[in-house]
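These are the residues of each chain, in order.
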Amino acid sequence: MRIAVDAMGGDHAPDEIVRGALLYRHAGGAAEIVLVGREEIVRAALGTAPRPGIAVVDARDVVEMHEHPSSALRRRADTSIGVATALVKRGAADAVVSAGNTGATMAAALLTLGRIRGVDRPALCGMLPTTVGKPACLIDAGATMDAEPNNLLQYARMASRFMERVHGVERPTVGLMNVGEESEKGGRVQQEAHALLAAAADVNFLGNVEGRDPLRGTTDIVVCDGFTGNVLAKGMEGVVDVFREGIRNDIFGGAFGKIAYAFAQAGVRKLRHRLDYDEYASAPLLGVNGVSVVTHGRARANMLRHAIVVAERSVSQGLIAAIGEQSGVGAA
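Treat the numbers as computed from the prediction; the structure is a model and nothing was measured. (Residues numbered from 1 in each chain as written. Predicted model: local features only at pLDDT ≥ 70, side-chain atom pairs only at ≥ 80, totals over all residues. Heavy atoms only, no water.)

Topic: the overall build of the protein chain
- When helices and strands are tallied, the protein chain shows 11 helices and 11 strands.
- Here the C-alpha atoms of the protein chain give a radius of gyration of 20 Å, agreeing with the 20 Å that 2.2 N^0.38 yields for 332 residues.
- Taking the principal axes of the C-alpha coordinates as reference, the protein chain spans close to 60 × 60 × 35 Å.
- Expressed as a percentage of its 332 residues, the buried residues of the protein chain come to 53%.
- Taking the contacts inside the protein chain whose residues are at least 6 apart along the sequence as the reference set, 68% of them involve residues at least 24 apart.
- Total accessible area on the protein chain is roughly 14,700 Å²; 52% of this is exposed by carbon and sulfur atoms.
- Distance from the positive charge centre (36 side chains) to the negative charge centre (37 side chains) of the protein chain: 4 Å. (Helix = DSSP H or I, 4+ residues; strand = E, 2+ residues; numbered from the N terminus. Rg over C-alpha atoms; globule rule 2.2 N^0.38 Å. Buried < 20%, exposed > 50% of the residue type's maximum accessible area, 1.4 Å probe, protein only. Contact = heavy atoms within 4.5 Å. Areas by Shrake-Rupley, 256 points an atom, 1.4 Å probe, with all protein chains shown as cover. Lys, Arg positive; Asp, Glu negative; His and termini not counted. Charge placed at Lys NZ, Arg CZ, Asp CG, Glu CD.)

Put into structure tokens, the structure is as follows:
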């Protein structure tokens, strides 16, 4: 298996991206990593020591965060995300991972890989930590701002295959994000989507969920439009940051705080692990005809390593074929 990594994408590229690839390999990752970017810069970040299982493919251009994704990709054929995605299309790589411009990663996947037949719109499948100790899937986390009821049904089906194949959840439960639990709540889209989800035999639908439920792990999957999902995910990131800063400065800051930490460090480490979203920040773009994983623009090495692991599992577990074969979505 080969995974193409956009080495130039992200706030801390290429150093942290390269470090993430090395961490993945050092942790026993089975896939070969293909780092795509300006070759001399990437090789400088790799250092002079031999790096088994890591190759470099030259790409001279980068889609910057402020650029219009589709326009940049159409005008310039040698961008790192464009070249990395083309490797998947040609069969020279099995998946692509990027911490760069999210719109560019999605546009490259759509323009180069295309959609799985029967999928109207792709969706980002983000993961969230929960109080029950197992992650929940949030879909759509920001790929498509608007959604029709049938799109939400397709999201639920694709996310169900993702949770089954990649996270080993048998018959994952699905909730529809809404402003109340009753079936008549929400606008037209939510009400019609509720009816479609309730009637779908291949979706384990439990009904509506509210904004407090995703982190409680009420359902394995939370379905919503991309605007709602993106706001919800980033709002939760902000809350986590507040708690982390509060623990560091308000509770354990100062001389007495350091003494208190000496007695509480075991519990603090567990809480920090619970609040660490490195392993949750990577979102596969479901519905495109190939494995494309988007991770946070602020990604450092450990977050990038987790993104590669998600890509590896998606490939090894046959996620694309499973989505293509499912009821209501045609084969790829």
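Considering the pairing of strand 11 (residues 291–294)
- The alternating pattern of strand 11 places Val291 and Val293 and Ser292 and Val294 on opposite faces, both of which are buried.
- In this structure, strand 4 (residues 95–98) lies alongside strand 11, joined through four bridges in parallel fashion. Bridging from a neighbouring strand, valine 96 pairs with serine 292 of strand 11.
- Examined bridge by bridge, strand 10 (residues 283–286) and strand 11 share two bridges and lie antiparallel to one another. Residue pairing across strands places alanine 283 opposite valine 294, the latter belonging to strand 11. (Pairing = 2+ DSSP bridges.)

Side note on the pattern of salt bridges
- Going through the model one piece at a time under the given rule, you end up with 13 salt bridges.
- Two residues, lysine 134 and aspartate 220, come together in a salt bridge whose shortest N-O distance is 3.3 Å. Placement of the pair is lysine 134 in the loop between strand 5 (123–128) and strand 6 (136–139) and aspartate 220 in the loop between strand 8 (204–209) and strand 9 (221–223), with a sequence separation of 86 residues.
- Under the relative-accessibility criterion, aspartate 220 is labelled buried at 7%. (Salt bridge = Lys/Arg side-chain N within 4 Å of Asp/Glu carboxyl O.)

Looking at helix 1 (residues 15–26)
- With 12 residues, helix 1 should reach 16 Å at 1.5 Å per residue; the first-to-last C-alpha distance of 16 Å fits that figure.
- Of the positions making up helix 1, those classed as buried are Glu16, Ile17, Val18, Gly20, Ala21, Leu22 and Tyr24.
- The first or second residue beyond helix 1 is glycine 28, which carries a positive phi of 95°. (Expected span 1.5 Å × (residues − 1).)

Points about the confidence of the model for the protein chain
- Per-residue confidence for the protein chain averages 90 on the pLDDT scale, and 95% of its residues sit at or above 70.
- By mean pLDDT, the top-scoring element of the protein chain is strand 1 (residues 2–6) (98), and the lowest-scoring one is helix 9 (residues 254–275) (73). (pLDDT = per-residue confidence, 0-100.)

Quick notes on helix 4 (residues 80–90)
- Helix 4 sits mainly inside the fold: eight of its 11 residues count as buried.
- The complete set of buried residues in helix 4 reads Ser80, Ile81, Gly82, Val83, Ala84, Thr85, Leu87 and Val88.
- Next to the buried residues of helix 4 lie strand 1, strand 2 (32–37), strand 3 (54–58), helix 3 (69–75), strand 4 and helix 5 (102–113).
- One or two residues past the end of helix 4 sits glycine 91, with phi positive at roughly 85°.

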